[in-house]
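Next come the chains, spelled out residue by residue.
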Amino acid sequence: MTLRTSAPNPPLEAATLRTRDGHRVWYAVAGARDGVPIVVLHGGPGSGSQPGALRLFDLSRFRVVLVDQRGTGASTPHGSVRHNRTDYLIADLEAIRSRLGIARWGVLGGSWGAALALAYAGQCPQAVTGVVMRGLFLASAREVRGLFITSRRRAPRTWAKLRDAALCEQPARLAARCAATLQYGANEPRQRALALAWRGYESAVLASASPGGPVPFSAQRRASGSRRDARKLIGKYRIQAHYLAHRCWLGETRLLSLARRAAAAGVPLGAIHGSRDPVCPPANARRLLRAVPAAQVELVRAGHLASDPALHASVAHALAAMFISTDQEGRSMRRAA
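Residues numbered from 1 in each chain as written. Predicted model: local features only at pLDDT ≥ 70, side-chain atom pairs only at ≥ 80, totals over all residues. Heavy atoms only, no water.

1. Here's the deal with helix H6 (residues 188–207)
Argument step 1. Compared with the 28 Å implied by 1.5 Å per residue over 20 residues, the 28 Å span of H6 between its first and last C-alpha is a close match.
Argument step 2. Of all 20 residues in H6, 14 are buried, a share of seventy percent or more.
Argument step 3. Looking at where H6 begins, the residue whose side-chain oxygen comes 2.9 Å from the main-chain nitrogen of Arg-190 is Asn-187. (Helix = DSSP H or I, 4+ residues; strand = E, 2+ residues; numbered from the N terminus. Expected span 1.5 Å × (residues − 1). Buried < 20%, exposed > 50% of the residue type's maximum accessible area, 1.4 Å probe, protein only. Polar contact = N/O pair within 3.5 Å; in protein donor to acceptor, adjacent residues only side chain to side chain.)

What follows is the structure in structure tokens.
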């Protein structure tokens, strides 16, 4: 199958969903009006959508919907954890789908977005034509412990800075201290220092998967940036801490149960996972396969980031194989009838 991806800056039609509980959820649509509809679920939690995700699609054949989950990106109030849980995010997706007049759509999710995609497909299988995941996160206590404790071996200096910014003496308490420091009303300079330290540690851990080893920060990445940028960063990690503290209101057992429910309802599942992923263990892909033997799982020699060329190519191919081939077959059958 020949793959063709989009231009670097395709036009977006943006809109806002106003919820009854005070959130405004930003979303945007790109691609062909009669294309195969796909919704893209970003990671984090808290990161916001990335327009670069559109490069995975041939926009002459896809209709792609980007969504900034509650409190992230262009959604407001930014960084809000009020009425911000997984079930609310799923309700928002259904409201956006209904507003756009889409009967069923495919779902692409990366990292936390992959977990949200599974949860959504399990709870609303009638709305989902298929799920493609990149770097599956299972919302387990094991993964949270790995991020805040085990992975310090990958980036000891930036981990120490995170621990100091959180005023935390016990590694086992680091995640909880980060969440407490980022709550509303806490000291803003401390929040800013913690958010910058968290970003530094996270980036160093991600860079540790590179074949050449950890990549040091540039001076630009170390710089504090504007006050507005710092507030955005605080909001991002406040939401992430909020979700991780509650295992995203899912947990591994429930999430895999939802995956089985989606598969039993006929929703195809595909997962692309980097064999060197330092954030979401490659064993997560095997756990999914044990829960759903029919899932299409591919391990790629890559890390975690969607920008990795190997991951990008495999995800683009999986999207075309799952949705374009199926759509073409369906059209051919309708013409023959």
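Back to the text.
2. Some words on empty space enclosed by the protein
Argument step 1. Taken as a whole, this structure holds two cavities of 30 Å³ or more when the rule is applied.
Argument step 2. Here the second largest cavity is characterised by a volume of approximately 40 Å³.
Argument step 3. Together, Val-25, Leu-41, Val-67, Gln-69, Leu-89, Asp-92, Leu-93 and Leu-116 line the second largest cavity.
Argument step 4. In terms of residue count, the dominant contributor to the lining of the second largest cavity is helix H1 (residues 86–99) (three residues).
Argument step 5. In the lining of the second largest cavity, the residues fall into six nonpolar, one polar and one charged. (1 Å grid on protein atoms, 1.4 Å probe; cavity = no way out; pocket = protein on both sides within 12 Å on 5 of 7 lines; lining within 4 Å. Points joined across faces, edges and corners; volume = space filled by probe spheres on them. Nonpolar A, V, L, I, M, F, W, Y, C, P; charged D, E, K, R; others polar.)

3. Considerations on the sheet that holds strand E7 (residues 269–274)
Argument step 1. Taken in spatial order, the eight strands line up as E1-E2-E4-E3-E5-E6-E7-E8 in an open sheet, and their pairing is mixed. If you trace the sheet from one side to the other, it starts and ends with strand E1 (13–18) and strand E8 (296–300), each paired once. Here the strands of the sheet are splayed against their neighbours by 20° on average, with no regard to which way each runs.
Argument step 2. Note: strand E6 (residues 128–134) against E7, four bridges, orientation parallel. If you follow Arg-134 over to E7, its bridge partner there is Ile-272.
Argument step 3. Helix H2 (residues 112–123) contacts strand E3 (36–41), strand E5 (105–110), E6 and E7 of the sheet and is inclined by roughly 145° relative to E5.
Argument step 4. Its contacts with the sheet place helix H10 (residues 283–291) against E6, E7 and E8, and it is angled at close to 165° to E8. (Pairing = 2+ DSSP bridges. Axes fitted to C-alpha atoms, helices over the stretch in contact; angles between N-to-C directions. Contact = heavy atoms within 4.5 Å.)

4. With respect to a positive patch on the surface
Argument step 1. Side chains of Arg-192, Arg-227, Arg-228, Arg-231 and Lys-232 sit close together on the surface and give a patch of like positive charge.
Argument step 2. No other element matches the four residues that helix H8 (residues 227–245) contributes to the positive patch.
Argument step 3. Within the secondary structure, Lys-232 sits in helix H8. (Patch = residues over 30% accessible without salt bridge, like charges linked within 9 Å, V, L, I, M, F, W, Y side chains within 5 Å. Areas by Shrake-Rupley, 256 points an atom, 1.4 Å probe, with all protein chains shown as cover. Salt bridge = Lys/Arg side-chain N within 4 Å of Asp/Glu carboxyl O. Lys, Arg positive; Asp, Glu negative; His and termini not counted. Charge placed at Lys NZ, Arg CZ, Asp CG, Glu CD.)

5. Topic: H10
Argument step 1. Regarding H10, the residues found buried are Asn-284, Ala-285, Arg-287, Leu-288 and Ala-291. Axial view of H10: buried residues confined to an arc of 160°, hence all on one face.
Argument step 2. Close packing links the buried residues of H10 with H2, E6, helix H3 (141–148), helix H9 (252–264), E7 and E8. (Arc of directions from axis to C-beta.)

6. A closer look at the side chain of His-273
Argument step 1. Mapped onto the elements, His-273 comes out in strand E7.
Argument step 2. A distance of 3.2 Å separates a polar atom in the side chain of His-273 from the backbone nitrogen of Leu-136.
Argument step 3. There is a polar contact of 3.3 Å between the side chain of His-273 and the backbone oxygen of Pro-281.
Argument step 4. For His-273, the contacting residues outside a window of four places in its chain are Gly-135, Leu-136, Cys-280, Pro-281, Pro-282, Asn-284, Ala-285, Glu-298, Leu-299, Val-300 and Leu-311.

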